[in-house]
Amino acid sequence: MGKSKIFENEIYVDCVDKSNWQTVLEDNIENEEYKKLYLRRKKAIDMYFDNVKISKIVEETGFHRNTIRKFAKRCLMIDEKNGLPFGYVALIPYKRIQKYKRIDDKKEKCTGKFNQLLSEYTVLKDFIDNTYLKLCKKNNLEKNIKISSLHKKFIKKCYELGIKESEYPFNTNDVGRRALYRYIKNLQNTKYNYYLNRLDDNYAQIAKSTGVGIQNNPIINRPFQQVQFDGHKIDAEICIKFRTIEGDIIKKTMSRIWLLVIIDVATRVVLGYHLCLNSEYSSFDVLKCIENAIKPKEKINLTIPNLKYPDNGGFHSLAIPETQWAIWYEFLYDNAKANLATSVTDVLTNKIGCAVNAGPVATPERRGIVERFFKTLEDYGFHRLINTTGSNIYDPKRKDAEKNAIKYEIEESEIEQITEILIANYNNTNHSGINGFTPIELMQQRIEERGFLPHIMNEYDRNDMTFCQLKTTRKINGNKDKGRRPYIYYEGVEYRNEVLSQSVNLIGHKLTLLVNINDLRFIKSYLPDGSELGILTAKGKWSIKPHTLKMRKEINKLKSKKEINFGVFDDPIDIYHQYLIDKSIDNKPSRNKLATLNKKLQNQQNQKNDNFYKNKGDNEHNFNKRKQSTNCDIDDIEEKIRKNNFKTLNF
């Protein structure tokens, strides 16, 4: 074919432009003879497509004119892998750019016979592809068929197609087995998207969510512009101690607990975390993590020797005052059920005012930063503990993990302290992903030197109800003729206050309730016109100890199943507590629930102690003022204050 015919041919018209050709890194051609030959060919082709006379090309390069035209057509052939012309790649010596096609059937060797067979019997090719990749599920019930089994089906299909025993593949020693293996290997590469269906779901999801098409990854450099959230089960066994009704102390291990984390994408600062002691985390735990990431950090009491905070406190709100109550613009999280709860999305969109990006299902690659943080935390922290379960079931580190957790009594409080300091140290460790800065340093620099000031939460939203609030409505029940005062019913418990009890005219109307799901003892109520009715109190013993919405539902469920029972004068939290102790002897998930309840009761006790010392301090302050302004007997005043102190404190 002449030069003009090649340029004018419709087949090659879109391939003549050398800017679209695939290129070659010449330095990678190690064989000097091959390299010289390639450069000669390239020179000839460049001259050919620059419209240099063919006689001159022959004279300068030494190639025959037919050879030059052959090279030109090779360069214009389309690569099926990417749809581009082979270009200069076709000039590499001994580079095969086309599949081998068998022409002469009289050859003794069977090279190309298998492909020739599939070309002649396209039904056979479709059968192999469909059976191995399961493209068509009809009449193909065997999952992930082995190649040995596929070969048997292949032979059977050949018989059905009428192929004689004197013909290929029956005239070979292995009946086409090796050729089939090579074909399947090539099939895995050429139809990789279908091959993914044979892989483990996790590996298939990774491949389907990465590396396909143009990636849309905008640069995030402003602190609090985008954050990532995720949960991770800590690789460690944890001991729990509890006393039975007989007075015996039992030590057992719980199910592994969850660490929930929110991390800033731009600076890698861990903004906040929450340890969920239950075997699965709920929407409440997600909200608690959000609250911890926004509210200014308070240091916890460290009881483990030599465990201490970094000099700057380790958390952004301690090290950088400008970030206290800072909120973000975009929140990335996965599609887990707890995350998608209405209570979570309401807080994020209405209270915080950020965009929510849930991302595709089971795609941790979209939250790679927080996933990488969990790996770092495990490698440099929990995997070094004597009670670690290791990274997998084959990890030798997990040996005697449960035994060691019990032996050394490694409880939740110690894990919390370790987690606190690990995260504080992470925020102050140089990070290669952010040019050697520590996360805290980078955030501070971008705020102070580049003026990337964060958005701050409004003051009237800075309360616990912002993060743990559930809005609902309930009908006011009661019967004035039967002496039944007005009340509302919420999660199996009656609620009322003085105002509602005396407002019989409201019976039958609906109240809007703002429920603190972290403490169901009290509920704030509003009338239909929006005016406040006040705080409603739970009836009976339900108003004594704080309990979450999740605990209330669990207790009601157990009562309906008649697994527990309590009357009007019984404290349901005490009954539930004893029930969990009894169950924890043989049931691991119950130990997690017991640990959660114990922590809740401990926090209540700590709060009572704080109030006690606060009231005591206030009374001592008042005493000193009165001591200076009166001439009465000092001992008499001290006695009155002591009496007043015990009268006013509510234990």
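Up top you'll find the structure we're talking about.
Every value quoted in this text rests on a predicted model; they were computed, and no experiment measured them. (Residues numbered from 1 in each chain as written. Predicted model: local features only at pLDDT ≥ 70, side-chain atom pairs only at ≥ 80, totals over all residues. Heavy atoms only, no water.)

Chemist: Tell me about the overall build of the protein chain, and please be specific about residues and values.
Modeler: Helix and strand counts for the protein chain stand at 23 helices and 16 strands. Here the contacts in the protein chain between residues at least 6 apart in sequence split such that 62% fall between residues at least 24 apart. When the accessible area of the protein chain is evaluated, it comes to approximately 37700 Å², of which 47% is carbon and sulfur surface. (Helix = DSSP H or I, 4+ residues; strand = E, 2+ residues; numbered from the N terminus. Contact = heavy atoms within 4.5 Å. Areas by Shrake-Rupley, 256 points an atom, 1.4 Å probe, with all protein chains shown as cover.)

Chemist: Summarise the pattern of salt bridges; cite the residues concerned and give the values.
Modeler: Using the criterion set out here, one finds 25 salt bridges in the structure. Notably, a salt bridge pairs Glu409 with Lys251, separated by 2.5 Å at the nearest N-O pair. Residue Glu409 is located in the loop between helix H15 (401-407) and helix H16 (412-426), and its partner Lys251 is located in strand E3 (residues 249-253); the two are separated by 158 residues in the primary sequence. Judged by its relative accessible area of 25%, Glu409 is partly exposed. Residue classification places Lys251 among the partly exposed residues on the basis of a relative accessible area of 35%. For Glu494, the salt bridge goes to Arg496, with nearest N and O atoms at 3.6 Å. For Glu494, a relative accessible area of 11% puts it in the buried group. For Arg496, a relative accessible area of 24% gives the class partly exposed. (Salt bridge = Lys/Arg side-chain N within 4 Å of Asp/Glu carboxyl O. Buried < 20%, exposed > 50% of the residue type's maximum accessible area, 1.4 Å probe, protein only.)

Chemist: Tell me about the pairing of strand E14 (residues 510-516), and please be specific about residues and values.
Modeler: Within E14, five of the seven residues are buried, which leaves it mostly tucked inside the rest of the structure. Where strand E10 (residues 469-475) and E14 come together, seven bridges link them in antiparallel fashion. Looking at the pairing, Leu470 lines up with Val515 of E14. The sheet contact formed by E14 and strand E15 (residues 522-526) spans four bridges and is antiparallel. Bridging across to E15, Leu514 finds its partner in Lys524. Linking E14 back to E15 in an antiparallel pair, the connection comprises five residues. (Pairing = 2+ DSSP bridges.)

Chemist: Go over the sheet that holds strand E5 (residues 270-276), please, and point to the residues and values.
Modeler: One open sheet holds the five strands; their spatial order is E5-E4-E1-E7-E8, and the pairing between them is mixed. Lying at the two open borders of the sheet, with one neighbouring strand each, are E5 and strand E8 (355-357). Shown here is a sheet whose adjacent strand axes are inclined to one another by a mean of 20 degrees, direction ignored. Pairing between strand E1 (residues 227-233) and strand E7 (residues 330-332): two bridges, direction parallel. Note on E7: the bridge partner recorded for Val227 is Phe331. (Axes fitted to C-alpha atoms, helices over the stretch in contact; angles between N-to-C directions.)

Chemist: Can you break down the packing of aromatic side chains residue by residue, with the values?
Modeler: Following the criterion strictly, the structure yields 15 aromatic pairs and no others. The interplanar angle of 75 degrees and the centroid separation of 6.0 Å between the aromatic rings of Trp542 and Phe566 together place this pair among those described as edge-to-face. Of this pair, Trp542 sits in the loop between strand E16 (532-538) and helix H20 (549-560) while Phe566 sits in the loop between H20 and helix H21 (572-584), and the two are 24 residues apart along the sequence. Each member of the aromatic cluster is reached from another via a ring pair, and the members are Trp21, Tyr48, Phe49 and Tyr88. (Phe/Tyr/Trp six-rings, centres within 6.5 Å; stacked < 30°, edge-to-face > 60°.)

Chemist: Requested: an account of the nonpolar core, with residues and values cited.
Modeler: In this structure, Ile262, Ile290, Trp328, Phe331 and Ile352 are the most contacted members of the largest nonpolar core, which totals 104 residues. Those residues within four positions of Trp328 in sequence are excluded, and the remaining contacts are Phe224, Val227, Ile262, Leu271, Ile290, Ala293, Ile294, Leu348, Ile352 and Cys354. Counting residues in hydrophobic clusters, the runner-up holds 24 residues, among them Trp21, Ile29, Leu76 and Ala90. (Core = buried A, V, L, I, M, F, W, Y, C linked by side-chain atoms within 4.5 Å.)

Chemist: Describe the sheet that holds E14, listing the residues and the values that go with them.
Modeler: As summarised here, the arrangement of the seven strands in space is E10-E14-E15-E16-E13-E12-E11, forming an open sheet in which the pairing is antiparallel. Unpaired on one side and paired on the other, E10 and strand E11 (477-479) mark the two borders of the sheet. Adjacent strand axes in the sheet meet at a mean angle of 35 degrees, parallel and antiparallel pairs treated alike.

Chemist: Go over the packing of helix H11 (residues 283-294) against helix H13 (residues 342-352) with me, naming the residues and quoting the values.
Modeler: Where H11 contacts H13, the axes come no closer than 9 Å and their chain directions differ by 30 degrees. As the angle between them shows, H11 and H13 are arranged roughly parallel. Facing Ser283, Val286, Leu287, Ile290 and Ile294 of H11, the residues of H13 in contact are Ser343, Val344, Val347, Leu348 and Ile352. Counted by class, the contact of H11 with H13 contains eight nonpolar, two polar and no charged residues. (Parallel < 35°, antiparallel > 145°, perpendicular 65-115°, else oblique. Nonpolar A, V, L, I, M, F, W, Y, C, P; charged D, E, K, R; others polar.)

Chemist: Describe in detail H20, supporting the description with residues and values.
Modeler: With twelve residues, H20 should reach 16 Å at 1.5 Å per residue; the first-to-last C-alpha distance of 17 Å fits that figure. With its phi angle positive at about 65 degrees, Lys562 sits one or two positions after the end of H20. (Expected span 1.5 Å × (residues − 1).)

Chemist: Got a sec to walk through helix H17 (residues 439-448)? Specific residues and values, please.
Modeler: An α-helix turns once every 3.6 residues. As a result, residues three or four positions apart point the same way. For H17, the set of buried residues is Pro439, Ile440, Leu442, Met443, Arg446 and Ile447. All buried residues of H17 fall inside an arc of 165 degrees around its axis, so they share one side. On the buried face of H17, the contacting elements are strand E4 (258-264), E5, helix H12 (316-319) and H16. (Arc of directions from axis to C-beta.)

Chemist: How would you summarise the environment of Lys95 if you had to cite specific residues and measurements?
Modeler: For Lys95, the location among the structural elements is in the loop between helix H4 (65-76) and helix H5 (113-120). For Lys95, a relative accessible area of 38% corresponds to the partly exposed category. If sequence neighbours within four positions are ignored, Lys95 has contacts with Arg74 and Val89.

Chemist: Before we move on, could you go through the pairing of strand E12 (residues 484-490) and cite the residues and values that matter?
Modeler: Here E11 runs beside E12; their pairing, made up of two bridges, is antiparallel. Note that in E12 the partner of Asn479 across the bridge is Arg484. Here E11 hands over to E12 after four residues, with Gly483 in that stretch at a positive phi of 75 degrees. One ladder, built from three bridges, connects E12 with strand E13 (residues 493-496); its direction is antiparallel. Each residue of the ladder has a partner; that of Tyr490, found in E13, is Val493. Counted along the chain from E12 to the antiparallel partner E13, the turn is two residues long, and its residue Glu491 has a positive phi close to 50 degrees.

Interpretation note: all reported values are geometric properties and have no functional meaning in isolation.
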